Structures are given as structure tokens and as C-alpha cells.
Amino acid sequence: MLRAQNALRELPGRLRVAFATRALPTLMPILRGFGRVAADLVFPPACLNCRQATDVAGSLCAACWAKVRFIERPFCERLGTPFAADLGAEGLLSPEAVANPPVYARARAVAGFEDGPVRQLLHKLKYSDRMELAKPLGAWMARAGAELLVDADLLVPIPLHPRRLIERRFNQANALAQAVSAASGVSADPFVLIRVKPTASQVGLSRPQRALNLQGAFRVPDEMAGQVEGRAIVLVDDVMTTGATLNAAARALLRAKAKRVDVLVFALVA
Ligand SMILES: [Zn+2]
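These numbers come from a predicted model, not from an experiment. (Residues numbered from 1 in each chain as written. Predicted model: local features only at pLDDT ≥ 70, side-chain atom pairs only at ≥ 80, totals over all residues. Heavy atoms only, no water.)

Draft legend 1. Structural detail: the packing of aromatic side chains. One pass over the full model with this rule turns up four aromatic pairs. Between Trp65 and Phe70, the aromatic rings sit 4.7 Å apart at their centres with planes inclined by 40°, giving tilted as the arrangement. Using a relative accessible area of 39% as the deciding quantity, one classes Trp65 as partly exposed. The class for Phe70 is partly exposed, based on a relative accessible area of 25%. Here the aromatic rings of Trp140 and Phe266 are separated by 6.0 Å at their centres, their planes lie at 35°, and the arrangement is tilted. On the criterion of sequence distance, the pair formed by Trp140 in helix H5 (residues 134-144) and Phe266 in strand S6 (residues 260-268) is long-range, its members being 126 residues apart. (Phe/Tyr/Trp six-rings, centres within 6.5 Å; stacked < 30°, edge-to-face > 60°. Buried < 20%, exposed > 50% of the residue type's maximum accessible area, 1.4 Å probe, protein only. Helix = DSSP H or I, 4+ residues; strand = E, 2+ residues; numbered from the N terminus.)

In C-alpha cells:
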């Protein structure tokens with residue numbers, strides 16, 4: 001009698017254990033699936049740019065996707081700029097890269113910077129505090145820059161001048177570098193390079209004027225020298241226009257004895 005009562009008392013406990021060890025692992029994916037369906041009903045996946053409903057979260061709708069000019073091979077191995085025609089040879093350089101070789105070794109970008117979704121996405125990331133955009137944009141950058149990241153030691157975002165950072169409270173280059181880091185496993189450090197000169201707007205300046213404007217703009221602080229010396233570094237920014245800013249930053253890193261400096265941006269002004 002007593003034994004039977006004990007057995008009964010134990011039964012719910014045993015059932016609970018059986019449920020936890022056997023049924024729960026089987027049920028979890030189903031429950032999680034329900035959770036995802038429920039989340040999709042409340043927050044259906046939307047286009048990152050125009051918020052139209054999409055099939056996949058963290059992506060673009062078909063209409064926005066079609067307007068993005070993704071950069072694919074063939075492109076200039078140094079500048080990352082696409083070639084109009086496939087010339088059928090690997091390792092090709094553009095005439096621009098031969099005439100004005102950049103300070104950095106290689107640049108890669110996801111897409112061309114032009115009116116449409118690319119400009120809108122980067123503008124939203126930069127000015128309207130849509131910081132959640134950094135993660136999907138950074139994942140795209142990690143894919144476009146895979147050959148730079150495979151043997152990179154460190155990601156370094158283009159820094160803002162401290163005064164500008166206080167005004168804006170947010171450095172989109174750092175947000176993108178953190179997202180590229182999460183997607184690639186290469187660590188990112190926003191303190192390796194500092195902007196010591198508050199540079200005026202580059203708009204309307206000629207190439208030599210831009211270079212002069214940026215002279216001495218970046219510096220590796222003495223206490224960070226050990227982070228740079230002998231290391232393969234990938235500089236990260238949202239957009240590359242003439243490359244003057246990225247060249248100036250690369251020069252500061254090379255002066256601090258970086259082994260190699262490459263450049264990874266989301267968009268390239270053709
Ligand atoms: Zn869209």
C-alpha cells in the first residue's frame with residue numbers, strides 16, 4: 001500500500017523527467033517554429049529599405065534589390081572598381097590604379113553608391129539612428145570582402161573627430177566594423193586609429209586639395225602601436241568617394257608599421 005502511494009507520488013516527477021529528456025527536445029524546434037511564426041505575424045519580415053513585406057528578414061524586397069548595382073568580378077584588383085567588360089584575365093588593374101596607385105593594397109565594396117536603395121540605406125544608418133541596419137549591411141560587407149578578411153588580423157573603422165562624434169553620437173563606420181567582425185570572426189578595434197584634425201568638408205575640393213586637407217588627420221596613439229605593428233589591417237568605412245580619406249588613414253597605419261592595409265566599404269562612388 002505504502003509502496004503504491006510512493007509510486008503514485010513519484011509518477012508526476014518521473015513524467016516530468018521523461019518530458020524534459022525525451023519529449024521536450026523533440027518539441028522545442030516545433031515550439032520555436034511557432035514562436036517564429038508568431039513573431040512574423042506581429043513583425044512580418046520587411047524590406048530594410050522601403051519596409052515592404054518580404055519573405056526573408058534582414059534583406060531587400062525584389063524591387064529594391066533590382067535597383068542595387070552589386071559589384072562582382074571582373075573588377076580592378078587594387079581599387080575594387082568594376083570593369084565595363086569582362087577582359088578575360090585575372091589580377092587586372094584599372095588605368096586609374098596604375099596612374100594613381102592607392103596607399104592601401106586592395107579595396108572591396110558591396111555595391112555602387114548611387115541614387116536609390118544604397119544611398120537611402122546608408123543615409124538612414126548615418127543620420128536617423130537606424131542602428132539595426134549595421135548588422136545586415138555588415139554581413140554583406142563580410143561577404144564582399146571575404147578575400148581580405150581570410151588572413152586579416154584586425155578591423156579598424158575610420159574614426160570621427162571627437163567633436164564630430166559628440167555631435168552625432170554615432171560613428172557608422174564603427175557600427176559596420178563591429179557587424180563585419182561578428183560575421184567574419186576578425187576582431188575590430190575603434191581605438192587603434194584616432195582623428196586628430198577636424199577636417200573640413202571634402203566636397204568641391206580637387207584631388208591634391210583633398211590630400212592636403214587630410215594631411216596629418218589620422219594618428220595611431222603611442223599606446224596602440226603594438227596593435228598595429230606587423231598586423232594585416234582592414235580599414236572599414238561606409239562609402240569611398242575619391243579614396244583620399246582611406247588613403248590618409250592607411251598611411252597613418254603603415255607609418256605605424258602595419259604589415260598590410262586593405263579597405264572594405266559598403267559602397268563605392270564610381
Ligand atoms: Zn524595398
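Having seen it, we continue.
Draft legend 2. A look at the sheet that holds strand S5 (residues 232-240). Here four strands make up an open sheet; going across it, the order is S1-S6-S5-S2 and the pairing parallel. On the outer flanks of this sheet lie strand S1 (107-112) and strand S2 (154-157), each paired with one strand and no other. Averaged over all pairs of adjacent strands, the angle between their axes in this sheet comes to 20°, without regard to strand direction. In this structure, S2 lies alongside S5, joined through four bridges in parallel fashion. (Pairing = 2+ DSSP bridges. Axes fitted to C-alpha atoms, helices over the stretch in contact; angles between N-to-C directions.)

Draft legend 3. Representation of the nonpolar core. Judged by nonpolar contacts, the single largest core of 36 residues is most densely connected at Leu193, Phe218, Leu235 and Leu253. Every element with two or more residues in this core is listed here: S1, S2, S5, helix H11 (244-255) and S6. Considering every element that reaches this core, the biggest residue donor is H11, with seven residues. Those residues in contact with Leu193 that lie beyond four places of it in its chain are Val156, Pro159, Phe218, Arg219, Val220, Leu235, Ala249, Ala252 and Leu253. In terms of nonpolar packing, the next biggest core, distinct from the first, is built from 35 residues, Leu60, Leu121, Leu148 and Leu176 among them. (Core = buried A, V, L, I, M, F, W, Y, C linked by side-chain atoms within 4.5 Å. Contact = heavy atoms within 4.5 Å.)

Draft legend 4. View of the pairing of S6. Counting buried positions along S6 gives eight out of nine residues, so the element sits mostly inside the fold. The sheet contact formed by S1 and S6 spans five bridges and is parallel. Residue Arg108 lies in a different strand from S6, and its bridge partner there is Leu264. In this structure, S5 lies alongside S6, joined through eight bridges in parallel fashion. By the bridge assignment for S6, Val234 is matched with Asp262.

Draft legend 5. Region of the structure containing the coordination of the zinc ion. For the zinc ion, every protein donor is listed as Cys47 (SG), Cys50 (SG), Cys61 (SG) and Cys64 (SG), and the spread of their distances is 2.3 to 2.4 Å. Geometry at the zinc ion is tetrahedral, judged from the four donor atoms that bind it and their angles of 105 to 115° at the metal. Of note, the donors binding the zinc ion are all from one chain and are spaced C-x2-C-x10-C-x2-C. In this pair, Cys50 is assigned in the loop between helix H1 (2-42) and helix H2 (62-67) and Cys64 in helix H2, connecting sequence segments 14 residues apart. Overall, the relative accessible area of 4% leaves Cys64 in the buried class. (Donors = N, O, S within 2.8 Å, 3.2 Å for Na, K, Ca; no water. Tetrahedral: all angles 85-135°; square planar, octahedral: opposite > 155°, others 65-115°.)

Everything listed here is a matter of coordinates, which is why it stays silent on function.
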